[in-house]
Structure formats: structure tokens, C-alpha cells
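Structure at a glance
If you want the building blocks of each chain, they are given just below.
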Amino acid sequence: MIQLEHVMFAPANNQNSAPILDNISLTIKAGETCILSGASGSGKSTLLAIIGGLTRPCSGLVLINQAAISKMPDYHASRLRQQTIGFIFQQFNLFDELTVLENIRTALVPVKDTTGAEQRINRYLELVSLSHKKNAFGKDLSGGEKQRCAIVRSLVNSPTLLLADEPTANLDRANSILIIELLQWLSKQGVTLLIATHDPLFASLMPDATVLHIEQGKLR
Ligand SMILES: Nc1ncnc2c1ncn2[C@@H]1O[C@H](COP(=O)(O)OP(=O)(O)OP(=O)(O)O)[C@@H](O)[C@H]1O
């Protein structure tokens, strides 16, 4: 499902500093769950952005289902993303002036066939205990509520690959467990999961996950 070959990334304005991602090669099989661990600043978010085609590597290749997302024109990369990939961003990327439902529905805007989307939204809102906040504005949500809203938005298009950046960073233990259980359920449905996290709960509750460790831009 995911294949990286010799991926390098350094910021465009400072090619002489140490690379942010240094010669990363990896394979993640369809249906596999991977936990990406590493200290703050080690390159986890950058790696997720490169796998999702949001950032282009300086060199190397990224394949999603054998399609070279790292080499595609933006239009094709965003089509592949819509059809295949769900993102949970560390900063949520919600709109303050939209309600929870409206924020979630933004993921449907570029999609032609939205059959079943409303049922999925309601189901996921219930699973993350957020149904009661459907009509609350983004700006009025707590950090944890924003996180859960962003998680539902990432799932409405039924992605087969979910890239999650610190999905429990703003949650208390009970809500973290709820999210991990949701991810476990997605995994059982065959969704491939790549989860960047510092949260030790993942390793203890997902003992079958593959753990990848990144240190200063290198996989160890
Ligand atoms: N476009 C960029 N230009 C310059 N530096 C960047 C760029 N993107 C990332 N960095 C730097 O690369 C390093 C890795 O950042 P990244 O956000 O990938 O780390 P992380 O492991 O996700 O950290 P955290 O756990 O704190 O979110 C950091 O030092 C960051 O400042």
C-alpha cells in the first residue's frame, strides 16, 4: 500500500542544514497498522505530509497502491487523496465559523458520490461521543472536541489509508481510549493506519501494530 524509496527532504531555503528526512525507505502493507514514534522535531509530521502528497520530497519516491504520488501533478495527487487517504492533522484545520457538521461536510465538497455519507457522519459522531455538539461552532469547541470533529471529518469519505498525526494529543485518557478503539475498529475493516504519536497508550492497546521509530529524520 505505502512504499517509500530513499526519500530525502530538506527545507527549500536551507539545503545545507541536516535533512529533515534522511534517506527513508519503508513498506507498509495494505491493512497494516503502524505506529510512528519519535521525539518532537524528529520528522513525523513531515513524513506523514510526504506520504499523503501534501509535501514533495527533494528526492526519492513515494508510492500509494503503486501510484507515484510524489511525482504526480497536484490535481492527480489530490484526486488520489480524496479517493484513498484520510488525514488527521495535528492542528485540526477546522473552520472556526462553521459548525461541527459543516466542518465535517467540507470533506464531501470535492466528492461526486456522497451516498451514505450522512449516515457515516452520524455513526462516527456517536462513536466519538460528539453528537450533542453537531451544531456548535468550531471556535466554541474544546481542544478535545476539535480533535474528535477532525477525526470524523477524516473518515467521511471511507479512506482505505488513514494518516493520523497525534490523534490523542488533546484528549484525556477516557477519550483517548475511545479514539484508539475507533482506530482498532477501522483496522478490523481493513483500513491501513499510520499513526504518529507520543502516546504510550497506543503501544499498550495495539500490541500487534508495527512500530517505526524515527530519530533526527532517520528510521531506526
Ligand atoms: N518546511 C519546513 N521548513 C523548515 N523547517 C521545517 C519545515 N518542515 C519541518 N521543518 C522542521 O523539521 C523538523 C521536523 O518537524 P516535524 O513537524 O516533522 O517533527 P515532528 O516529529 O512531527 O514533531 P512534533 O512531535 O513536535 O510534532 C523540525 O525541526 C521542524 O522545525
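Read on for a plain summary of the structure. Please read these numbers as outputs of a predicted model, since none were measured by experiment. (Residues numbered from 1 in each chain as written. Predicted model: local features only at pLDDT ≥ 70, side-chain atom pairs only at ≥ 80, totals over all residues.)

1. Some thoughts on the overall build of the protein
Heads up, the condition is: A helix here means a DSSP run of H or I that spans at least four residues, while a strand means a run of E at least two residues long, and both kinds are numbered starting from the N terminus. Radius of gyration: over C-alpha atoms. The globule rule applied is 2.2 Å multiplied by the number of residues raised to the 0.38 power. Buried residues are those with 20 or more other C-beta atoms within 10 Å of their own C-beta, exposed residues have 12 or fewer, and partly exposed residues lie in between; C-beta atoms are placed from the backbone. Here, residue contact means that the backbone-derived C-beta atoms of the two residues sit within 7 Å.
The number of helices and strands found in the protein is seven helices and 10 strands. Relative to the globule expectation of 17 Å for 220 residues, the C-alpha radius of gyration of the protein, 17 Å, shows essentially globular dimensions. Dimensions of the protein, computed from C-alpha atoms along their principal axes, come out at roughly 50 × 40 × 35 Å. By residue count, 38% of the 220 residues in the protein fall in the buried class. When contacts within the protein are restricted to residue pairs at least 6 apart in sequence, long-range pairs at least 24 apart make up 72% of them.

2. Concerning the site of the ligand
We apply this condition: Only the C-beta atom, placed from the backbone, is used; a residue is near a molecule or strand if that atom lies within 6 Å of it. Gly counts as polar in this scheme, as do all residues outside two lists: the nonpolar Ala, Val, Leu, Ile, Met, Phe, Trp, Tyr, Cys and Pro, and the charged Asp, Glu, Lys and Arg.
Surrounding the ligand, one finds Pro11, Ile20, Gly38, Ser40, Gly41, Ser42, Gly43, Lys44, Ser45, Thr46 and Gln90. Along the lines of polarity and charge, the residues of the shell around the ligand split into two nonpolar, eight polar and one charged.

3. Looking at the nonpolar core
The condition is simple: To form a nonpolar core, buried Ala, Val, Leu, Ile, Met, Phe, Trp, Tyr and Cys residues must be joined through C-beta atoms within 7 Å.
Among the nonpolar cores identified, the biggest contains 52 residues, and Leu47, Ile51, Cys149, Val152, Leu163 and Ile195 are the most heavily contacted of them. A total of five residues in this core trace back to one element, the largest contributor, which is helix 5 (residues 143–155). In this structure Leu163 touches Leu48, Ile51, Gly52, Ile85, Phe87 and Leu194, once residues within four positions along its chain are discounted.

4. Comments concerning unusual backbone geometry
Peptide bonds are mostly trans, and most non-glycine residues show a negative phi. Positioned with a positive phi, Asn93 is a non-glycine residue whose angle comes to about 55°. Inspection of the secondary structure puts Asn93 in the loop between strand 6 (85–88) and helix 3 (100–105). Positive phi outside glycine occurs at Ser158, with the angle close to 50°. Mapped onto the elements of the fold, Ser158 is located in the loop between helix 5 and strand 7 (161–165). Looking at Ser158, the number of C-beta atoms within 10 Å reads 14, which means it is partly exposed.

5. Focus on the sheet that holds strand 5 (residues 67–68)
Rules: Should DSSP find at least two bridges between two strands, the strands are taken to pair.
Across the sheet, which stays open at both edges, the four strands sit in the order 2-1-4-5 with antiparallel pairing between neighbours. Two strands lie at the open edges of the sheet, namely strand 2 (21–28) and strand 5, each paired on one side alone.

6. Quick word on the sheet that holds strand 3 (residues 33–37)
Strand-to-strand pairing in sheets goes through backbone hydrogen bonds, with the strands running parallel or antiparallel. Where we set the bar: Structural elements are reduced to axes, namely lines fitted to C-alpha atoms, with helices fitted over the stretch in contact, and the angle between N-to-C directions of any two is expressed from 0 to 180 degrees.
Strand order across the open sheet formed by six strands is 6-7-8-3-9-10, with mixed pairing between neighbours. Every interior strand has two partners, whereas the edge strands, strand 6 and strand 10 (218–219), have only one. Examined bridge by bridge, strand 6 and strand 7 share four bridges and lie parallel to one another. Within the sheet, the bridge partner assigned to Ile85 lies in strand 7 and is Leu161. Helix-sheet contacts for helix 1 (residues 44–51) involve strand 3, strand 7, strand 8 (192–196) and strand 9 (210–215), and the interaxial angle to strand 8 is about 150°.

7. Section: the pairing of strand 8
The element strand 8 is extensively covered by neighbouring structure, given that five of its five residues are classed as buried. Neither face of strand 8 is left uncovered, since the one carrying Thr192, Leu194 and Ala196 and the one carrying Leu193 and Ile195 both have all their residues buried. Inspection of the sheet shows strand 3 paired to strand 8 by four bridges, in the parallel sense. Residue pairing for strand 8: Ile35 is matched across the bridge by Ile195. In the sheet, strand 7 pairs with strand 8 via five bridges, with the strands oriented parallel.

8. A closer look at helix 5
What counts here: Here the expected span of a helix is defined as 1.5 Å times the quantity of residues minus one.
Between its terminal C-alpha atoms helix 5 stretches 19 Å, which fits the 18 Å expected from 13 residues at 1.5 Å a residue. Judged by how many residues are buried, helix 5 sits mostly within the fold: 11 of 13 residues are covered. Restricting attention to buried positions, one finds in helix 5 the residues Glu145, Lys146, Gln147, Arg148, Cys149, Ala150, Ile151, Val152, Arg153, Ser154 and Leu155. Tucked into the core, helix 5 has its buried residues touching strand 6, helix 3, helix 4 (117–127), strand 7 and helix 6 (173–188).

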